[in-house]
Amino acid sequence: MVYDLIIIGGGPAGITAGIYAGRQRLNTLLITKDFGGQVARKAVAIENYPGFEEISGLDLIQKFEKHLRKQKIDIERDEVIKIQKTPNKFLVQTQSKSKFESKTVIIASGADPRPLEIPGEKEFIGKGLSYCAVCDGALFPDKNVAVIGGGNSGFETAIFLAKIAKKIYILEYGPKVKADKVNQAMVEKISKVKILTNAASKKIQGDKFVNSLIYQDRKTGKEKTLSVDGVFVEIGSQPSTAFARDLVDFNERDEIKVDFESYQTKTPGLFAAGDVNVGRYKQIITACGEGAKAALAAYEYLQKL
Amino acid sequence: MVKVFSTPSCPFCVSLKHFLKEHNIEFEEFNVAEDKKAREEMIQKSGQMGVPVIEIDEKFVVGFDKEKISQLLGIKD
């Protein structure tokens, strides 16, 4: 069977595209590892999505998923590893070695946490090092922990961890933190959070589990050691786009270049919506909007075939 | 005997439990955010400080590793 549309990704962009495609009666398959992507892992409540004054990421995504499942579309829990183009259709290959065919594809695979790429990081994943504070934070009651990254997600992670941990260090590489004013004001009120600026993380150490983090004070050049049992990495994200390499153009951050009227990539019939493309603002609402527009553009494209 | 160690706010734990229910696998669930004893048991036995952890016949799998879990449970799809 050849689908009309395959959507890759189950975050806000992919789910919205699925809802629109279902309502257009497109024969659609949505392939995703899990639902929610970064939204489900968000450390604090969402307060900027209209209709919900305050809602947790997990709750919002469960509502999204329920809404999606009302549509008559197929859903596969799997990971896409390659997309290829033949003259008339796309071949989408997944990790479990299934192959699917479709006339159009929307890439909405979002972004993964960006790794630190320092010694000790890989060895201690799941042993004190985490990219998901809402998952693993509860395992650090009354412990000292470090959050790497002084942007919004770093601050939100620190606010979340303040309910659990004894002491929290936020390490920001630059001379100033980048979190917005609301988050800065909230962290200021929590006495157990200490902010370290000009701090370059160098090494994660431990025995069976993490016991310390070495960083360099970029002002003095001196290396310092923090005794921590947990390290939470919040230094941004990198788009999950490697599987589309041959069919799209990237910017310097590996984000997919699109035409902002149709969200089409350089390959006709192949679209990219949400955090995966070069769009500057990475928000839930913008990802939803792009998913809707990409699905409508895919519909229009199919009408002309 | 299948045990799932998880925290309430962890999306991968939700996915894992959903997957088990979909395949009619019975499991016992431990909330390691609240249950200190289960938390210590999980960390000690699995050597892991991350969730979800699933224990299948005394074998531990960390994260929602669908392939490994399916293999241990004999799930085919």
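Residues numbered from 1 in each chain as written. Chains lettered and ligands numbered in written order. Predicted model: local features only at pLDDT ≥ 70, side-chain atom pairs only at ≥ 80, totals over all residues. Heavy atoms only, no water.

> Got a minute to help me understand the sheet that holds strand β1 (residues 2–6) of chain B in this structure?
Pairing between the strands of a sheet comes from backbone hydrogen bonds, and it takes one of two forms, parallel or antiparallel. All names here are of chain B. Sheet architecture is open: 4 strands sit in the order β2-β1-β3-β4, paired in mixed fashion. One side of each edge strand has no neighbouring strand; the edge strands of this open sheet are β2 (28–31) and β4 (59–62). Direction aside, the axes of adjacent strands within the sheet are offset by 20° on average. Of the strand pairs in this sheet, β1 and β2 are connected by 4 bridges, and their pairing is parallel. (Pairing = 2+ DSSP bridges. Helix = DSSP H or I, 4+ residues; strand = E, 2+ residues; numbered from the N terminus. Axes fitted to C-alpha atoms, helices over the stretch in contact; angles between N-to-C directions.)

> I tried to follow the sheet that holds strand β13 (residues 210–217) of chain A on my own but got confused; where do I start?
All names here are of chain A. Across the sheet, 3 strands lie side by side as β12-β13-β14; this open sheet has antiparallel pairing. Edge strands, defined here as strands with exactly one partner in the open sheet, are β12 (199–206) and β14 (223–227). Mean inter-strand twist for the sheet, computed between neighbouring axes without regard to direction, equals 25°. For β12 and β13, the ladder comprises 7 bridges, and the chain directions are antiparallel. Directly across from A200, in β13, lies its bridge partner Q216.

> Explain the interface of chain A and chain B here, please?
Reports of interface size often rely on the accessible area that becomes lost once the parts have come together. Taken together, the 23 residues of chain A in the interface contact 22 residues of chain B. The contact between chain A and chain B buries some 1800 Å² in all, and 60% of this surface belongs to carbon and sulfur atoms. The interface formed by chain A and chain B includes 0 salt bridges. Summed over the shared surface of chain A and chain B, the number is 6 residue pairs in polar contact (both at pLDDT 80 or more). The set of elements that each furnish at least two residues to the side of chain A that touches chain B consists of α3 (57–69) and α4 (133–136) of chain A. (Contact = heavy atoms within 4.5 Å. Buried area = accessible area lost by both parts, 1.4 Å probe. Salt bridge = Lys/Arg side-chain N within 4 Å of Asp/Glu carboxyl O. Polar contact = N/O pair within 3.5 Å; in protein donor to acceptor, adjacent residues only side chain to side chain.)

> Can you help me understand the pattern of salt bridges in this one?
Opposite charge on two side chains permits pairing when their charged atoms draw close. Residues and elements named next belong to chain A. Going through the model one piece at a time under the given rule, you end up with 14 salt bridges over all chains. The salt bridge involving E172 is made with K178; its shortest N-O contact spans 2.7 Å. Classification of E172 as buried rests on a relative accessible area of 4%. Residue classification places K178 among the exposed positions, given a relative accessible area of 59%. Of the charged contacts in the structure, one is a salt bridge between K282 and E255, with a shortest N-O distance of 3.4 Å. Here K282 is found in the loop between β17 (270–272) and α7 (284–303), whereas its partner E255 is found in the loop between β16 (237–239) and β17, with 27 residues between them in sequence. Classification of K282 by relative accessible area gives partly exposed; the value is 32%. Among the charged side chains, a network of salt bridges with common partners joins E252, R253, E255 and K282. (Buried < 20%, exposed > 50% of the residue type's maximum accessible area, 1.4 Å probe, protein only.)

> Sorry if this is basic, but what is going on with the confidence of the model for chain B here?
Fine structural detail should not be taken from predicted coordinates in areas where pLDDT scores are low. Across chain B, the average pLDDT comes to 90, with 99% of residues at 70 or higher. Overall fold confidence for the complex sits at a pTM of 0.80, while the interface term, ipTM, reaches 0.85. (pLDDT = per-residue confidence, 0-100.)

> Help me out: how do you make sense of unusual backbone geometry in this one?
Most peptide bonds adopt trans geometry, and most residues besides glycine take a negative phi value. The residue after V51 of chain B, namely P52 of chain B, is reached through a cis peptide bond having omega 0°. Relative to the helices and strands, P52 of chain B resides in the loop between α2 (36–46) and β3 (53–56). Of note in the backbone geometry, K97 of chain A takes a positive phi value of approximately 70° without being a glycine. For K97 of chain A, the location among the structural elements is in the loop between β5 (90–94) and β6 (99–107). Even without glycine at this site, N198 of chain A takes up a positive phi of about 55°. For N198 of chain A, the position within the fold is in the loop between β11 (193–196) and β12.

> Help me understand empty space enclosed by the protein, please; the structure alone is not making it clear to me.
Taking a probe equal in size to a water molecule and rolling it over the atoms shows the remaining empty space. Taken as a whole, this structure holds 1 cavity of 30 Å³ or more when the rule is applied. A volume near 30 Å³ is recorded for the largest cavity. Taken together, the residues of the lining of the largest cavity sort by class into 2 nonpolar, 5 polar and 3 charged. (1 Å grid on protein atoms, 1.4 Å probe; cavity = no way out; pocket = protein on both sides within 12 Å on 5 of 7 lines; lining within 4 Å. Points joined across faces, edges and corners; volume = space filled by probe spheres on them. Nonpolar A, V, L, I, M, F, W, Y, C, P; charged D, E, K, R; others polar.)

> In this structure, what is going on with the layout of surface pockets? I would like to understand it.
Residues and elements named next belong to chain A. Taken as a whole, the second largest pocket encloses approximately 200 Å³ of empty space. Considering the residues around the second largest pocket, the lining is formed by 13 residues, among which T16, I19, Y49, F64 and H67 are closest to the centre. Listing elements by their share of the lining of the second largest pocket, those giving two or more residues are α1 (12–23), α3 and α7. Here the lining of the second largest pocket is composed, by residue class, of 10 nonpolar, 2 polar and 1 charged.

> Looking at this model, I keep getting lost on the packing of aromatic side chains. Mind explaining?
Each aromatic ring pair is specified by the distance between its two centres and by the angle formed by the two planes. All names here are of chain A. Going through the model one piece at a time under the given rule, you end up with 7 aromatic pairs over all chains. Note on Y49 and F52: the rings are 6.2 Å apart at their centroids and 35° apart in plane angle, and the pair reads as tilted. Judged by its relative accessible area of 15%, Y49 falls in the buried class. The class of F52 is partly exposed, set by a relative accessible area of 28%. (Phe/Tyr/Trp six-rings, centres within 6.5 Å; stacked < 30°, edge-to-face > 60°.)

> What am I meant to see in the state of the cysteines here?
Between two cysteines, a covalent bond joining their sulfur atoms is known as a disulfide. Under the defined criterion, the tally for this structure stands at 2 disulfides over all chains. Two residues share a disulfide in this structure: C132 of chain A and C135 of chain A, whose sulfurs sit 2.2 Å from each other. Judged by the sign of its S-S torsion, about 65°, the bond between C132 of chain A and C135 of chain A is right-handed. Looking at C132 of chain A, the relative accessible area reads 6%, which means it is buried. According to the relative accessible area criterion, C135 of chain A is buried, its value standing at 1%. Paired through a disulfide, C10 of chain B and C13 of chain B show a sulfur-sulfur distance of 2.3 Å. Across the disulfide from C10 of chain B to C13 of chain B, rotation about the S-S bond amounts to roughly 90°, and the bridge is consequently right-handed. Residue C10 of chain B shares its accessibility class with C13 of chain B, and that shared class is buried. Residue C288 of chain A stays outside any disulfide, its sulfur separated by 20 Å from that of C132 of chain A, the closest cysteine. (Disulfide = S-S within 2.5 Å.)

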